[in-house]
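Structural features, examined
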Amino acid sequence: MKEVLALVEKRKQEFAQLPFFRFMQDKTIDPRQRLAWAPCVAPFAIGFGQLNRFDFRKEPTDEPIQKLINRHTYEDDYHWLWFLEDLEKLGLNHLMKFSDAMRFYWGEETYKTRQVCHQIALYTFRSEPVVVLAAIEAIEATGNVALAVTAQVAQELEQITRQKYRYFGEDHFCVETGHTTGTDDIEKLLESIQLTQKQRAKAFEVVEKVFEVFTEATHEMRAYAEKHPIVQPLKAS
Ligand SMILES: [Fe+2]
């Protein structure tokens, strides 16, 4: 698994350099504008809860790696509730017809974001637990990069609005360690896992796929933010 973790780290460094993160770190732009893509996260945030509950979690099990995965899924299966809270606080909880909300959720502007959980589920379907674990490590690496940046923007916003943003803010960043959660000394344990050549090839493939789908999603979200200017400036409360 050591080689898999090294690949995750390499891709993580590259992921952090994407234009989407530069956009979010650009303090010349209103912080709310830098989070204007937030509605596009809906298919991912909600789908990710489902992915953890219904795809990654397999109970009961005696398989030690599956047990580790199962524990991890309990942390990541409910964060979408924080996302819904933040939408409201960001002033993005627009009143719209249910059919319009569905059009947005299943529309062109969220196509890539929708692909994230879908593709990960396809790639990990009936995979050995060790391959799923590689996917989780890659997902956690992307989450760590993204939440480190959104937490900074959220902090800027918090100073203006006096609101706490649980999904995009510091709290979420703190529970996403960048690795599989719920197990002590996880990094050491992961490094000690020996993979067969076939497992390693599968793990490499799934890691590349995870970074690919998240990268595509970041481009889509940046394009959305650029097309949707926040009209109402924030007022300190
Ligand atoms: Fe999360």
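Look up: the structure comes first, before these words.
Summarised in this report is the structure supplied together with it. (Residues numbered from 1 in each chain as written. Predicted model: local features only at pLDDT ≥ 70, side-chain atom pairs only at ≥ 80, totals over all residues. Heavy atoms only, no water.)

**Digging into the nonpolar core**
Side chains of a nonpolar character, in soluble globular proteins, are inclined to be buried together. This is how the line gets drawn: For the purposes of this section, nonpolar cores are sets of buried Ala, Val, Leu, Ile, Met, Phe, Trp, Tyr and Cys residues that join through side-chain atoms within 4.5 Å. To sort residues, take the accessible area from a 1.4 Å probe on protein chains only and compare it with the maximum for the residue type: under 20% means buried, over 50% means exposed, and anything in between is partly exposed. In this description a helix means any DSSP run of H or I spanning at least four residues, a strand means any run of E spanning at least two, and both kinds are numbered starting from the N terminus. Note on contacts: a residue pair qualifies if any of its non-hydrogen atoms lie within 4.5 Å across the two residues.
In this structure, Met1, Met24, Trp37, Val41 and Ile120 are the most contacted members of the largest nonpolar core, which totals 67 residues. Per-element accounting of this core gives the leading share, 15 residues, to helix H9 (residues 129-161). For Trp37, the residues in contact, after removing those within four places along its chain, are Phe20, Phe23, Met24, Thr150, Phe168, Met221, Tyr224 and Ala225.

**Comments concerning the packing of aromatic side chains**
Let me state the cut-off plainly: Note on ring pairs: Phe, Tyr and Trp rings are taken, using the six-membered ring of Trp, and paired if centres are within 6.5 Å. Classes follow the plane angle, with under 30 degrees stacked, over 60 edge-to-face and the rest tilted. Any Lys NZ or Arg CZ that is within 6 Å of a ring centre and within 35 degrees of that ring's normal is treated as a charge sitting over the ring.
As enumerated under the stated definition, the model contains 13 aromatic pairs in all. Between Phe15 and Phe21, the aromatic rings sit 5.2 Å apart at their centres with planes inclined by 65 degrees, giving edge-to-face as the arrangement. For the pair shown, Phe15 and Phe21 are each scored as buried. Between Phe15 and Phe211 the ring centres are 6.0 Å apart and the planes differ by 70 degrees, which places this aromatic pair in the edge-to-face class. With a gap of 196 residues between them, Phe15 in helix H1 (residues 2-15) and Phe211 in helix H12 (residues 197-227) connect regions that are remote in the sequence. Grouping aromatic residues by their ring pairs yields a cluster made of Phe15, Phe20, Phe21, Trp37, Phe83, Tyr167, Phe168 and Phe211. The lysine or arginine in question, Arg57, covers the ring of Tyr74, its NZ or CZ lying 3.7 Å from the ring centre.

**Structural notes on the coordination of the iron ion**
Under the convention used in this document: Distances up to 2.8 Å from the metal define which N, O and S atoms are donors, and 3.2 Å serves for Na, K and Ca; water is absent from the atom set, so sites may look incomplete.
The coordination sphere of the iron ion, as far as protein atoms go, consists of His79 (ND1), His172 (NE2) and Glu176 (OE), spread over 2.0 to 2.1 Å. Counting gaps between the donor residues of the iron ion yields the pattern H-x92-H-x3-E. Here His79 is found in the loop between helix H5 (64-76) and helix H6 (80-89), whereas its partner Glu176 is found in the loop between helix H10 (170-175) and helix H11 (186-192), with 97 residues between them in sequence. We note that His79, like Glu176, is buried.

**What to know about the state of the cysteines**
Put simply, the test is: The disulfide criterion used throughout: a pair of cysteine sulfur atoms within 2.5 Å.
What the rule picks out here adds up to zero disulfides. Its sulfur unpaired, Cys117 is 14 Å from the next cysteine sulfur, which belongs to Cys40.

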